[in-house]
Amino acid sequence: MQNRSSVGGDHSSARAVGTIERMTLRAVPVEASTSLEKTGGVVRAGLVAFPFLCPLVAGPSVNVWQLLATWTCVAGLLAVGPAARPVREIWIWLAVGAVAAMLSRHGESVASWLPVCAALTGVAAATCLGAGMVRDRTSCLSLFAIGLLVAGLVSAVVGLLQYYGLAEPLVPWTTSPPLGQAYGNLRQRNQFATLISMALIAALWLYAMHASPRNRRGLVAAALLLLVAQAASTSRTGLLQLLSIVGVASAIAWRERRNASESAGRRFSLPPPVVLLATIPLYFAICWGLPHLVGGGVEGMLQRLEKGAPDDHSRLILWHNVLSLIAERPWTGWGWGELSFAHYSTLYPGPRFIEILDNAHNLPLHLAVELGIPAAVLICGGFIWLVIAAKPWRERDPTRLMAWGVLAMIVLHSLLEYPLWYGPFQLVFGLCLGMLWPARSEVRFRAPALSAFAASALMVVVVYAGWDYIRISQIYLPRSERLLAYEDDTLAKLRGSWLFARQVDFAEVTLTTVTPANAARMHELAERTLHFSPEPRVIAKLIESAELLGREDEVRAQTERFRIAFPLEFNRWLEDPSGDAPAP
């Protein structure tokens, strides 16, 4: 009996050990899976945030590296997934924009319409990512909000350091602007303000979705930091966005409480309306206090509201000029990317916006002046139809409300400037489109194969474009700083670029002395470059080459336009015609 008991005990122990081993083997993959999910979550949030924080700026076009960084992040998001189809109407709407831009430059070089088509392709890829997010609501959407919030908070800290002149130690990871200016790594106060506004919306969504008191206290502190950064931006666009956020959020919070049951212990998703509305006087108090802490000599938000923009920099004058240009070519427009040339070449009967005008600072007007009124109505009308059909005023889902809010910030900014010309805002715009208009079926892309292919193709484009941009940027560097292969005969080695051909033409025009021997070529080159960037240096070369070719009427016409468009630079050129006219 004792032996049998001993044998039975050994079997029992063996079974117990086997069970423990199996449980251990099962636990290891679960723990590893959890660790991978957390790592993937950090990666996704970082890929959303990084385009807003990218410090890379070099070469002739300041936003190229930011755009390439954004596309790299889009490729990364496609690689980690999920991705899904948006509704067919979104594809059609984006395709109409691309076709309209291409037709407006029919017969011209690829470089004239390729950037806008590439940007729309990037938006389309982001739209697929946004549609995929709504299939995995619990994690991906939180990571989208966290990515926006992290980008906003990091930018807020950097912006406040810039405001108080403390950002110098962070160079080259950021810039050190004059005292009293804050814009993070976006290098423009209204873009900085829009990022802060989107981060505020993300903070409100996270507050609503996480009832933990500790999390909510942290989010309140984050919102206060964002409010201070919004005040430091001195952006009037940011103020409009803040007023709209507070107004809508207060209305939702009031509706939530009005419809709440009388049950005890009720937890509300948003702060009380009174608390939300109190952020407006708090904002103006911060606006008053920030310049005083600097020590004076800084223009605050209250001063900007009181003084407004200088008369010759007024948006009203700008829009009046644009309307005049639309009236000249209402049906076909001037062509994509031709606004700066149209503005330079037109002699207005009234006041003139004094700077180079390459954007109408209002998206519908910009589409109308470059693509024509019919195309503008089709594109803008299509978007309005999509919005009306979605009935955002009836929305109750917190996630869709967040997407509507973020989209509204970009749209509001687009009525006053052009955020969609920059990669980070294209990414977020596309994500919001996909979140709001996912395909009605539950069918995803055949992941990971299709998403991996798209990510790989996008990275190939980024690598090629980055290499080509580094190559053509050599001509804009001192000889001692150029890559060894491009130290000599640099221009000749760059003429094969088709992505950045216009930047190469600009360099050749501004660096080459006009002579009787090259007057014909320089005239052709300057005339072509004038459509890319009608700067005083280009205009001077056009006039000099036309004079050598004996085209007196053209010389008189261009001289008069030069005098009206750039009076200060024109006078300097008259004093020293042999020197390059300085950039305005």
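So, here is what we can say about the structure in this document.

Conventions and cut-offs
- Residues numbered from 1 in each chain as written.
- Predicted model: local features only at pLDDT ≥ 70, side-chain atom pairs only at ≥ 80, totals over all residues.
- Heavy atoms only, no water.
- Helix = DSSP H or I, 4+ residues; strand = E, 2+ residues; numbered from the N terminus.
- Expected span 1.5 Å × (residues − 1).
- Buried < 20%, exposed > 50% of the residue type's maximum accessible area, 1.4 Å probe, protein only.
- Contact = heavy atoms within 4.5 Å.
- Patch = residues over 30% accessible without salt bridge, like charges linked within 9 Å, V, L, I, M, F, W, Y side chains within 5 Å.
- Areas by Shrake-Rupley, 256 points an atom, 1.4 Å probe, with all protein chains shown as cover.
- Salt bridge = Lys/Arg side-chain N within 4 Å of Asp/Glu carboxyl O.
- Lys, Arg positive; Asp, Glu negative; His and termini not counted.
- Polar contact = N/O pair within 3.5 Å; in protein donor to acceptor, adjacent residues only side chain to side chain.

## Digging into helix 10 (residues 279-294)
Working step 1: Under the 1.5 Å per step criterion, the end-to-end length of helix 10 is 23 Å for 16 residues, consistent within 8% with the ideal 22 Å.
Working step 2: Restricting attention to buried positions, one finds in helix 10 the residues Ile280, Tyr283, Ile286, Cys287, Gly289, Leu290, Pro291 and Val294.
Working step 3: Against helix 5 (140-163), helix 7 (213-233), helix 8 (236-258), helix 9 (273-277) and helix 11 (301-307) lie the buried residues of helix 10.
Working step 4: Gly295 sits one or two residues past helix 10 and shows a positive phi near 115°.

## A short note on the environment of Gly122
Working step 1: If you trace the backbone, Gly122 turns up in helix 4 (residues 114-133).
Working step 2: When the C-alpha positions of Gly122 and Leu427 are compared, they lie 7.3 Å apart, and in sequence the two are 305 residues distant.

## Some remarks on a nonpolar patch on the surface
Working step 1: A cluster of nonpolar side chains, contributed by Val110, Tyr464, Trp467 and Trp498, occupies part of the molecular surface with about 410 Å² of accessible area.
Working step 2: Note on placement: Tyr464 falls in helix 18 (residues 449-472).

## Some remarks on the side chain of Arg482
Working step 1: Among the secondary structure elements, Arg482 is positioned in the loop between helix 18 and helix 19 (490-494).
Working step 2: For the buried Arg482, which has no salt bridge, the nearest side chain bearing the opposite charge is Asp488, at an N-O separation of 7.0 Å.
Working step 3: In this structure the side chain of Arg482 is engaged in a polar contact, spanning 2.9 Å, whose partner is the backbone oxygen of Gln474.
Working step 4: Within polar-contact distance, the side chain of Arg482 engages the side chain of Thr490 at 2.9 Å.
Working step 5: When neighbours within four sequence positions are excluded, Arg482 is seen to be in contact with Gln474, Ile475, Leu477, Glu487 and Thr490.

## Quick look at the environment of Arg537
Working step 1: As for its placement among the helices and strands, Arg537 is situated in helix 22 (residues 536-548).
Working step 2: Under the relative-accessibility criterion, Arg537 is labelled partly exposed at 23%.
Working step 3: C-alpha separation for the pair Arg537 and Glu569, spaced 32 residues apart in sequence, amounts to 9.2 Å.
Working step 4: Of note is the side chain of Arg537, whose polar atom sits 2.9 Å from the side chain of Glu535.

## Considering unusual backbone geometry
Working step 1: A cis amide bond links Val171 to the next residue, Pro172, at an omega of 15°.
Working step 2: Even without being a glycine, Thr234 presents a positive backbone phi close to 50°.
Working step 3: Positionally, Thr234 belongs in the loop between helix 7 and helix 8.
Working step 4: A positive phi angle, close to 50°, is found at Asp489, a residue other than glycine.
Working step 5: Mapped onto the secondary structure, Asp489 falls in the loop between helix 18 and helix 19.

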